[in-house]
Amino acid sequence: MKLILYSVSDGPPSLAVQQALAYLDLDYDLVNVDFGAGDHMTAEFEKKNPQKEIPVLDDDGFLLGESNAILQYLAEKYGKDGTLYPSDPKSRAVINHRLCFNLSTYYRYISEYSMAPIFFDYQRTPLALKKVKIALDNYNTYLKRLGSKYAAGDNVTIADFQLITATMCLEAINFDIKSWPLVDKWYRTYKSENPKLWKIVEGGMKEIAEFEKNPPDLSHMDHPIHPVRRK
Ligand SMILES: N[C@@H](CCC(=O)N[C@@H](CS)C(=O)NCC(=O)O)C(=O)O
C-alpha cells in the first residue's frame, strides 16, 4: 500500500517531511489539509492525530504524528545508504540533538515570531525577537563547533530538513540572517546544492510571504489555544 502524508502546504514541519519523502524517492499520496478551514480540528482528523496537528503519516494503517518521529521512521525504514540518519551512535546523537534543538528552541522561537502573528492575534514583540536572535546565535555556534557543511555533518541529514524549513520562515518575512554568517552560508549552500528539495520548501515560503502581506481571515475559527484575530 502507498504511503499517505497529511500535510499543510505552508507548514514547516509538513515541508520537512515532504523533503524526506522526495529525498528517499518514495511514492506517496499527498493529502492537503486546509488549515484555514480547520480541517485538522475535526473528529475525523483527531482519530489520526489526537493532538490535531499536521503532518501525519499513514504507512499502511500505521499512523504517526510529530514530524521528527516521522522523519526518523522514514529514514530508518526506507533509507537505502544510511546517510540521512546514520546508525553510528555519535553521528546519530548529533542529528537527534539538532532535531531536539529545532523543536525546543529554533523552530519554536522562529515560528512564535514569524508565523504566529500572521495567523493569530499575536505581536512581534522585542522579547520574541530576542528569542529568535538567541536561537540563531545557538545554531551559528553549533555550525562553528562542528565545522560542517550541513547541520549535523558534511552531508544532508533529516536535521537539515527541519532547520531549513524553520529558517525559511525568516526569509518569508524578510528577516535578514546575514548577521549569523554560518547559518547564512549553510542556508545558501543547501538551496544551491539541493534544488529539488529547496523547491518544495520554496512553495511554502511563497505562501507565507503572501500571508505576511495579506494575513488570512481566520475570524471564523474557534481555536482551542491561539487568540483569533477578530475583524
Ligand atoms: N510538533 C509538531 C508540530 C506540528 C505543527 O505545529 N503543525 C501545525 C501546522 S504547521 C499545526 O498543525 N497546528 C495546529 C493548530 O495550530 O491548530 C510536529 O513537529 O509535527
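Residues numbered from 1 in each chain as written. Predicted model: local features only at pLDDT ≥ 70, side-chain atom pairs only at ≥ 80, totals over all residues.

Undergrad: Talk me through the pairing of strand β3 (residues 56–59); I want residue IDs and the actual numbers.
TA: Relative to β3, strand β1 (residues 3–7) runs antiparallel, the two being bridged by 4 bridges. Opposite Ile4, over in β3, you have Asp58 as the bridge partner. Across 3 bridges, β3 lies against strand β4 (residues 62–64) in antiparallel orientation. In the strand pairing of β4, Asp58 is matched with Leu63. Between β3 and β4, which follow one another and run antiparallel, lie 2 residues, and Asp60 among them has a positive phi close to 55°. (Pairing = 2+ DSSP bridges. Helix = DSSP H or I, 4+ residues; strand = E, 2+ residues; numbered from the N terminus.)

Undergrad: Give a detailed account of the site of the ligand, specifying residues and quantitative values.
TA: Residues in contact with the ligand, as listed here, are Val8, Gly11, Pro13, His40, Glu53, Ile54, Pro55, Glu66 and Ser67. Considered class by class, the residues forming the shell around the ligand number 4 nonpolar, 3 polar and 2 charged. (Near = placed C-beta within 6 Å. Nonpolar A, V, L, I, M, F, W, Y, C, P; charged D, E, K, R; others polar.)

Undergrad: Which residues make up the sheet that holds strand β2 (residues 28–32), and what are the values?
TA: As summarised here, the arrangement of the 4 strands in space is β2-β1-β3-β4, forming an open sheet in which the pairing is mixed. Looking along the sheet, the strands with just one partner apiece sit at the ends: β2 and β4. The mean inter-strand angle of the sheet, taken between neighbouring strand axes irrespective of direction, is 15°. Both β1 and β2 contribute to a ladder of 5 bridges, which runs parallel. Across the sheet, residue Ser7 finds its bridge partner in β2, namely Asn32. Most of the contacts of helix α1 (residues 12–23) go to β1, to which it runs at about 155°, and overall it touches β1, β2 and β3. (Axes fitted to C-alpha atoms, helices over the stretch in contact; angles between N-to-C directions. Contact = placed C-beta atoms within 7 Å.)

Undergrad: So what's going on with unusual backbone geometry? Residues and values would help.
TA: At the junction of Ile54 and Pro55, the peptide bond is cis and its omega measures out at 15° in the coordinates. Within the element layout of this structure, Pro55 appears in the loop between α2 (43–48) and β3. Notably, Asp25 is not glycine yet its phi reads approximately 60°, a positive angle. For Asp25, the position within the fold is in the loop between α1 and β2. Backbone geometry places Lys52, a non-glycine residue, at a positive phi of 55°. With respect to the helices, strands and loops of the structure, Lys52 is situated in the loop between α2 and β3.

Undergrad: Residue-level account of the domain arrangement of the protein, with values.
TA: Domain annotation for the protein reports domain 1 (3–78) and domain 2 (89–213). In this structure, domain 1 and domain 2 have C-alpha centres spaced 20 Å apart. Taken together, the 15 residues of domain 1 in the interface contact 18 residues of domain 2. If you list the elements that add at least two residues to the side of domain 1 that touches domain 2, you get α1 and α3 (67–78). No other element matches α1, which puts 8 residues into the side of domain 1 that touches domain 2. For the side of domain 1 that touches domain 2, the class distribution of residues is 8 nonpolar, 6 polar and 1 charged. (Domains from an automatic or database assignment.)

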